[in-house]
Amino acid sequence: MCALEQFAPLPLQESWDNAGLQVGLTETEVSGALLCLDVNEKILDEAIQKGCNLVVSHHPLLFRGLKTISDLTDVQRTVRKAIQRDICVISMHTNMDNAKGGVNFRIAQKLGLQNVQFFAAKQVNGLEAGSGVIGAFAEPMAADDFVILVKKTFGVECAQCNELLRRPVKRVAICGGAGDFLLDEALKNGADAFITGEMHYHQYFGYEQQIQICVIGHYQSEQFTTEVFQEIIQQTCPGVKTVIAETNTNPILYL
């Protein structure tokens, strides 16, 4: 946990977030770490099956305080199982989104973008941080080829886009998850395209031929976060077994 917090300190998280320790005791010796996006009972079952007593998630299990720990909801059942089976759960959420080298930098790397940096950067406790990044392709590409590249990179069958740009795409702004709040900032920073996980319907209006919007799904946009977790742990704690979860926790089905 210390290694992850050194990479993405908790003060980097947004005020509404609840990153950090969710359940358990951090002093327990780690038998293995299961790395995932969301925590539910199936994730805990996978952790148990694979001999992991630590679960590291991107999305927090607990966003709000629980008044009851019973079996009425999935969150309550998951908390109970974690306690019963002595599994520690920690989450690195918007602090990992905002950290240099974090979620958005990994997305940019997967796409092959160069000169990646924060846009709308901010200073937090002397650290440079930001909710989104911007980078450029070595060579510009047609908008339809850009969309095909994004779909292939993230393994999605469809993407929600506005009308295709009639100019090449070179500079790309990125915000994994729910990043529509950065659309105007991306435009101000000279982005030809903006990739995010989800966006409100009305925000698609008015950007025709200004910027190529490409929305690929919240889960899909952040799927490589577990790779970041794994690299941090392997580099700083090489003796700890790390396993990227096979359980797909995406609650949205495309039928």
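We now turn to the structure provided with this report. On a predicted model such as this, the values are computed, not experimentally measured, just so you know. Every residue gets a number counted from 1 within its own chain, in the order that chain's sequence is written. For a predicted model such as this one, the threshold for reporting local features is a pLDDT of at least 70, and the threshold for listing and counting side-chain atom pairs is 80 or more; totals across whole chains, interfaces and linings nevertheless cover every residue. Hydrogens are left out, water is left out, and the side-chain values use all remaining heavy atoms of the structure.

1. What to know about the pattern of salt bridges
Consideration 1: Salt bridges are identified by distance alone: a Lys or Arg side-chain nitrogen within 4 Å of an Asp or Glu carboxyl oxygen. As enumerated under the stated definition, the model contains 10 salt bridges in all.
Consideration 2: The closest approach of N and O atoms between E41 and R77, which form a salt bridge, is 3.1 Å. Residue E41 is located in helix α2 (residues 41-49), and its partner R77 is located in helix α3 (residues 74-84); the two are separated by 36 residues in the primary sequence.
Consideration 3: R106 is the partner of E231 in a salt bridge, and the nearest nitrogen-oxygen pair spans 2.8 Å. Here the residue E231 occupies a position in helix α9 (residues 225-236), and R106 occupies one in helix α5 (residues 103-111), the gap between them amounting to 125 residues.
Consideration 4: For every residue, the accessible area obtained with a 1.4 Å probe (protein chains only) is divided by the maximum for its type, and the residue is called buried under 20%, exposed over 50%, and partly exposed between those limits. R106 gets classed as buried once you look at its relative accessible area, which sits at 8%.
Consideration 5: One connected set of salt bridges, linked through shared partners, spans E41, D45, R77 and K81. What counts as a helix is a DSSP run of H or I of at least four residues, what counts as a strand is a run of E of at least two, and both are numbered from the N terminus.

2. Some points on α3
Consideration 1: Within α3, burial applies to Q76, T78, V79, K81 and A82.
Consideration 2: In what follows, a contact means two residues having at least one pair of non-hydrogen atoms within 4.5 Å. The inward-facing, buried residues of α3 contact β1 (20-23), α2 and β4 (88-91).
Consideration 3: Just downstream of α3, D86 is the residue with a positive phi angle, here 60 degrees.

3. Re the sheet that holds strand β12 (residues 212-215)
Consideration 1: Spatially, the 6 strands line up as an open sheet ordered β5-β8-β10-β11-β12-β9, and their pairing is mixed. A single partner strand is all that each edge strand has here, and the edge strands are β5 (114-119) and β9 (160-161).
Consideration 2: With 4 bridges joining them, β5 and strand β8 (residues 132-141) adopt antiparallel strand pairing. Each residue of the ladder has a partner; that of F118, found in β8, is V133. Strand pairing is assigned whenever DSSP identifies at least 2 bridges connecting the two strands.

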